[in-house]
Amino acid sequence: MSIFYLIFIMLTAYFSFRYDGIEEYDSHKQHRFWLMCFYLICLTGFSYGLGGDKFVYMREFEEYPDTFTDVGDYVWLQLMLKGQMPLWTLLNLISRSVFHSFYALQLIQSAAINSAVCYVASKYTHRYFLFLLLYVFTLQYFIFNTEIMREGIALSFVLIGMEGWMSGKKWLYFVMLPIGLMFHVSALTALIFPIAQYLKASWKLLVIGILSSFAVWVLSDLLLGSVMMAVLGGMGAMVQKVLFYSLQASSIFGFLRSAITFLILPFIIMYSVMLNEKDEDKRRRMEHMIGYMVLLGILACSFAGFIRLYNYIRIYYLVLMATFVYELFWEKKHLIIRCTTLLVTSFLFLLQYFIHYETTNTYYYNFFYPYTCILDEDSSVFFREVAHEEAVDAQESDNNVREIN
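These figures come from a predicted structure and were not determined experimentally.

Rules used throughout
- Once a new chain begins, its residue numbering starts again from 1 and follows that chain's sequence as written.
- Totals for whole chains, interfaces and linings use all residues, but because this is a predicted model, local features are given only for residues with pLDDT of at least 70 and pairs of side-chain atoms are given and counted only at 80 or more.
- Only heavy atoms go into the side-chain values, all of them from the structure, while hydrogens and water stay out.
- As used here, the term nonpolar core means buried Ala, Val, Leu, Ile, Met, Phe, Trp, Tyr and Cys residues forming a set that is joined through side-chain atoms within 4.5 Å.
- The rule is simple: take the accessible area with a 1.4 Å probe, protein chains only, and divide by the maximum for that residue type; under 20% is buried, over 50% is exposed, in between is partly exposed.
- Working rule for contacts: check all heavy atoms of both residues, and any pair within 4.5 Å makes them a contact.
- All axes here are fitted lines through C-alpha atoms, helices being fitted over the stretch that makes contact, and every angle between N-to-C directions spans 0 to 180 degrees.
- Under the scheme used here, helices are H or I runs from DSSP no shorter than 4 residues and strands are E runs no shorter than 2 residues, and both carry numbers assigned from the N terminus.
- In this scheme, roughly parallel covers angles under 35 degrees and roughly antiparallel covers those over 145, while 65 to 115 is roughly perpendicular and the rest are oblique.
- Two helices crossing with the near one rotated counterclockwise from the far one by less than a right angle form a left-handed crossing, whereas a clockwise rotation gives a right-handed crossing.
- Asp, Glu, Lys and Arg are counted as charged, while Ala, Val, Leu, Ile, Met, Phe, Trp, Tyr, Cys and Pro are counted as nonpolar; the rest, among them Gly, fall into the polar class.
- Just to be clear on terms, a salt bridge is a Lys or Arg side-chain nitrogen sitting within 4 Å of an Asp or Glu carboxyl oxygen.
- Polar contacts, as counted here, are pairs of nitrogen or oxygen atoms within 3.5 Å of one another; within protein the pair requires one atom able to donate a hydrogen and one able to accept it, and residues that are adjacent in sequence qualify only if both atoms are side-chain atoms.

Asks: Tell me about the nonpolar core, and please be specific about residues and values.
Replies: Within soluble globular proteins, side chains that are nonpolar generally end up buried alongside one another. Residues F131 and Y135 are the most contacted members of the largest nonpolar core, which totals 114 residues. Beyond its immediate stretch of four places on either side in the chain, Y135 contacts L40, I113, N114, V117, Q140, Y141, F144, N145, I315 and L318.

Structure (structure tokens):
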């Protein structure tokens with residue numbers, strides 16, 4: 001079944017060679033781009049047991065009632081007991097009662113996140129197909145569609161809202177943000193997006209971001225001590241989740257790696273693309289993106305457990321990276337710095353492929369490869385569930401956990 005991956009790679013690579021160099025509007029380019037977007041929607045929408053966290057969603061789906069009896073009470077219980085937001089619960093209930101199939105849920109989720117991602121990408125780069133290749137090869141496509149499905153669908157609304165803000169339709173941001181929040185609480189991350197417009201992109205901003213993240217990292221134990229003691233009074237499911245992620249810690253070497261991964265390299269890539277952008281409106285928007293990236297980068301570097309919140313800038317990062325990679329072949333200015341940046345970035349992305357799980361003797365990429373489709377519901381894919389449980393157990397028993405006294 002992995003032939004489906006090969007088809008995508010070959011088609012997208014050909015389209016990249018054929019169309020990515022075209023700057024002006026081209027109907028054929030647009031058609032092929034949205035065709036490949038549809039392909040990605042179907043790829044995960046009709047997958048079977050693809051991913052690790054997917055099995056959790058599959059099990060939970062089977063627990064949902066197949067009728068709309070006492071919907072309000074059920075939504076409330078899901079929120080209190082599992083920390084699941086109302087619209088996610090409603091989407092499960094609808095898929096369960098109307099379609100009686102988890103496949104309907106994952107297809108809806110895949111359509112939402114991938115349509116939003118491709119829409120945003122089409123606004124900021126002409127390198128459509130190179131972006132799609134990066135989207136897949138960095139595994140971000142699989143993460144959004146299989147590992148963080150609730151957060152992924154929330155992100156789909158937030159992306160549209162943030163794009164609305166930058167295009168002058170601020171009302172769209174205020175409509176989409178609450179909808180995203182009703183799918184996953186991580187959408188609150190986008191509350192700082194408007195603040196980012198006041199940050200001027202410069203090397204000074206990067207330095208301030210690094211120093212700020214280091215200061216917060218040093219003081220994080222003290223900060224979390226007072227914050228956690230303040231919220232421990234109500235130990236609901238939502239508070240427990242926040243507590244779990246808050247207690248994840250990192251060493252000085254972990255901080256340095258995070259600073260390189262989430263601040264320094266993204267800044268170099270995004271800033272260099274912004275400097276080469278001739279359209280003033282796009283430049284302004286890119287500067288806004290960079291400011292948002294720095295704010296989320298500070299958070300990701302300071303609190304290891306909140307690295308996943310960085311997902312709310314990753315698409316903008318990958319979009320500008322597509323332009324960065326393309327320009328590498330045509331723009332000779334600062335070539336050594338840009339080549340080094342790309343090599344180190346590629347190396348860091350590649351490392352995740354080699355995360356190993358001893359119980360099943362598998363690697364992280366095995367969550368997504370080989371491809372498994374609904375046409376072949378082979379029970380052997382459940383090795384991914386075992387590997388995922390091993391990963392979760394390792395995380396919960398991780399030595400890098402703070403002790404808040």
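Asks: How would you explain the packing of helix α5 (residues 86–99) against helix α6 (residues 102–124) if you had to name every residue and give the values?
Replies: Relative orientation of the contacting elements α5 and α6 amounts to 135 degrees, with a least axis distance of 8 Å. Comparing their axes, α6 and α5 come out oblique. When you trace α5 past α6, the crossing you get is right-handed. Residues W88, L91, N92, S95 and F99 of α5 form the contact with α6, whose own contacting residues are A104, L105 and I108. Of the residues in the contact of α5 with α6, the class split is six nonpolar, two polar and no charged.

Asks: I'd like to hear about the pattern of salt bridges, residue by residue, with values.
Replies: Pairs can form between side chains of opposite charge whenever their charged atoms are close. Counted by the stated rule, this structure contains eight salt bridges. The closest approach of N and O atoms between K82 and E63, which form a salt bridge, is 2.9 Å. Of this pair, K82 sits in helix α4 (residues 71–82) while E63 sits in helix α3 (residues 54–63), placing them 19 residues apart in sequence. For K82, a relative accessible area of 26% translates into the label partly exposed. For R308, the salt bridge is made with E151, and the minimal N-O distance between the two is 2.7 Å. Here R308, found in the loop between α15 (280–302) and α16 (311–327), pairs with E151, found in helix α9 (residues 149–166); they are 157 residues apart in sequence, far enough to count as distant. Note on E151: relative accessible area 2%, which makes it buried. Salt bridges sharing partners connect three or more residues here, namely E163, D281, R284 and R285.

Asks: Tell me about the environment of H126, and name the residues and values.
Replies: One can find H126 in the loop between α6 and α7 (128–137). Residue H126 is classed as partly exposed on the basis of its relative accessible area, which comes to 25%. For the pair H126 and V319, spaced 193 residues apart in sequence, the C-alpha separation works out to 9.5 Å. Those residues in contact with H126 that sit more than four places away from it in its chain are D20, I22, E23, K29 and K282. Engagement of the side chain of H126 in a polar contact is seen with the backbone oxygen of E23, the distance being 3.1 Å.

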